[in-house]
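Understanding the architecture of this molecule
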Amino acid sequence: MRAAAFSEREEVTQVRNALGAIQSLVVLGGSSDIGAAIAARLVPGGCRSVVLAGRHPEKMEPVAERLREAGAEVAITAWDAADIPGHADAVKAAWDALPGGGDVDAVLLAAGVNAPQERLSDDPTAAAELVTANYTGPVSTLLHVAHRLREQGHGSIVVLSSVAGERVRQSNFVYGSSKAGLDGFAQGLGDSLAGTGVDVMVVRPGFVHSAMTEGKEPAALATTPDAVAEAVADGLAAGRHTVWVPTTFRFLMAAFRHLPRPVWRRLSARM
Ligand SMILES: NC(=O)c1ccc[n+]([C@@H]2O[C@H](COP(=O)([O-])OP(=O)(O)OC[C@H]3O[C@@H](n4cnc5c(N)ncnc54)[C@H](OP(=O)(O)O)[C@@H]3O)[C@@H](O)[C@H]2O)c1
């Protein structure tokens, strides 16, 4: 029991402020609904410097305005998950743009795309582009981020994975497999950084009401960006390495993960 409890937590090693709160944040995917909610949740807790990095400044500006009204200084920089040769410069630009300068306490990977499986099955190029945005691009970007945080000697990387990656469903297998890859990468990255002062927290939400799911029938245990933000803030404060939203998924997915393939094939066809 003790080992299991320990496995969900790590030492909180960040410098942060005297109370251990995140003071500076870079959001990769600055217009994401979940990313915006997380940033908005962290600002009243002491996060005063935020960089929103993404493809479309006009979509990030309303998020920046909301954070400024809450008391943060906010900069907007360019980052495209698909532009792999540009990632070194994009990460440097995010650090350089941090209002007030100094260290980055946390980097949140909030970018991601989803699309109907039938469309992706009919369009292999679109499927590969989705994998680039959800997995290949984040791998490259987060390796650059990890180098910067190691140089600082502290920092948290928060990765928005998904329950979809815990056991891949036939109805969503390109997206699910991209999240499975990202989740495995994030766990390995976190393990490789143990003892450096840098940690990685993997966040696995279920269905979240956001731009990504607009118009879709909500799945069981559907939740909101604000609920994910609350769980992320709690997880950061507690030094967790894994966060499920809602927490019920931790137990549900443990059961789903061990179902025999034929049973899962029939069950997941209806999910
Ligand atoms: N919503 C859910 O049910 C759910 C559940 C589990 C996990 N997640 C994950 O949570 C994360 C946030 O999702 P969300 O619900 O907040 O969706 P969202 O509001 O649609 O946000 C997705 C973000 O990804 C950005 N993005 C897409 N492709 C990009 C690229 N090539 N380069 C840079 N940015 C790119 C989008 O920016 P643009 O403005 O440039 O398009 C947007 O800011 C995603 O990783 C998603 O997979 C979501």
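Note: the structure precedes this text.
Residues numbered from 1 in each chain as written. Predicted model: local features only at pLDDT ≥ 70, side-chain atom pairs only at ≥ 80, totals over all residues. Heavy atoms only, no water.

Taken as a whole and assessed by the stated rule, the structure comprises seven salt bridges. The salt bridge partner of Arg68 is Glu65, with a shortest N-O separation of 3.2 Å. Of the two residues, Arg68 and Glu65 both sit in helix H3 (residues 57-69), three residues apart, roughly one turn of that helix. Overall, the relative accessible area of 31% leaves Arg68 in the partly exposed class. A relative accessible area of 36% places Glu65 in the partly exposed class. With a closest N to O distance of 3.8 Å, Arg257 and Glu166 form a salt bridge. With Arg257 in helix H9 (residues 248-257) and Glu166 in the loop between strand E5 (155-160) and helix H7 (173-192), this residue pair connects regions lying 91 residues apart in the sequence. Overall, Arg257 belongs to the partly exposed group, its relative accessible area being 42%. (Salt bridge = Lys/Arg side-chain N within 4 Å of Asp/Glu carboxyl O. Helix = DSSP H or I, 4+ residues; strand = E, 2+ residues; numbered from the N terminus. Buried < 20%, exposed > 50% of the residue type's maximum accessible area, 1.4 Å probe, protein only.)

Strand pairing in a sheet is mediated by backbone hydrogen bonds. Such pairs are either parallel or antiparallel. Taken in spatial order, the seven strands line up as E3-E2-E1-E4-E5-E6-E7 in an open sheet, and their pairing is parallel. Two strands in the sheet have a free side with no partner beyond their single neighbour: strand E3 (73-78) and strand E7 (242-245). With strand direction ignored, the average angle separating the axes of adjacent strands in the sheet is 15 degrees. Inspection of the sheet shows E5 paired to strand E6 (residues 198-205) by six bridges, in the parallel sense. Considered in E6, the bridge of Ser156 is made with Asp199. Packed on one face of the sheet, helix H2 (residues 33-42) meets strand E1 (24-28), strand E4 (106-109) and E5 and runs near 175 degrees to E1. (Pairing = 2+ DSSP bridges. Axes fitted to C-alpha atoms, helices over the stretch in contact; angles between N-to-C directions. Contact = heavy atoms within 4.5 Å.)

So, on to a positive patch on the surface. Together, Arg261, Arg265, Arg266 and Arg270 give the surface a local cluster of positive charge. Mapped onto the fold, Arg261 is located in helix H10 (residues 261-268). (Patch = residues over 30% accessible without salt bridge, like charges linked within 9 Å, V, L, I, M, F, W, Y side chains within 5 Å. Areas by Shrake-Rupley, 256 points an atom, 1.4 Å probe, with all protein chains shown as cover. Lys, Arg positive; Asp, Glu negative; His and termini not counted. Charge placed at Lys NZ, Arg CZ, Asp CG, Glu CD.)

In this structure, strand E2 (residues 49-54) lies alongside E3, joined through six bridges in parallel fashion. Along E3, the bridge assignment pairs Leu52 with Ile76. Traced from E2 through H3 to E3, the parallel crossover comes out right-handed. (Right-handed = clockwise from strand over helix to strand, strands pointing away.)

The next point concerns the site of the ligand. Close to the ligand lie 29 residues; Ser31, Ala111, Tyr175, Val208 and Ser210 are nearest. The contact in question runs from an oxygen atom of the ligand to an N or O atom on the side chain of His56, over 2.8 Å. At 2.8 Å, a backbone N or O of Ala81 approaches a nitrogen atom of the ligand. Compared with its free state, where it exposes 880 Å², the ligand has 93% of that area covered by protein. Looking at the shell around the ligand residue by residue, the classes come out as 14 nonpolar, ten polar and five charged. (Near = heavy atom within 4 Å. Polar contact = N/O pair within 3.5 Å; in protein donor to acceptor, adjacent residues only side chain to side chain. Nonpolar A, V, L, I, M, F, W, Y, C, P; charged D, E, K, R; others polar.)

In total, this model carries two cavities of 30 Å³ or more according to the counting rule given. The space that makes up the second largest cavity amounts to roughly 60 Å³. Around the second largest cavity, the lining residues are Val26, Leu28, Ala53, Trp79, Ala90, Val91, Ala94, Trp95, Val107, Thr141 and Val145. Secondary structure elements with two or more residues in the lining of the second largest cavity: E1, helix H4 (87-97) and helix H6 (124-152). It is H4 that contributes the most residues to the lining of the second largest cavity, four residues altogether. (1 Å grid on protein atoms, 1.4 Å probe; cavity = no way out; pocket = protein on both sides within 12 Å on 5 of 7 lines; lining within 4 Å. Points joined across faces, edges and corners; volume = space filled by probe spheres on them.)

Once that is clear, we can look at the packing of aromatic side chains. Scanning the entire structure with this criterion turns up one aromatic pair. Pairing Phe256 with Trp264 gives two aromatic rings, centres 5.3 Å apart and planes at 45 degrees, and the pair type is tilted. Judged on exposure class, the residue Phe256 and its partner Trp264 are both buried. (Phe/Tyr/Trp six-rings, centres within 6.5 Å; stacked < 30°, edge-to-face > 60°.)

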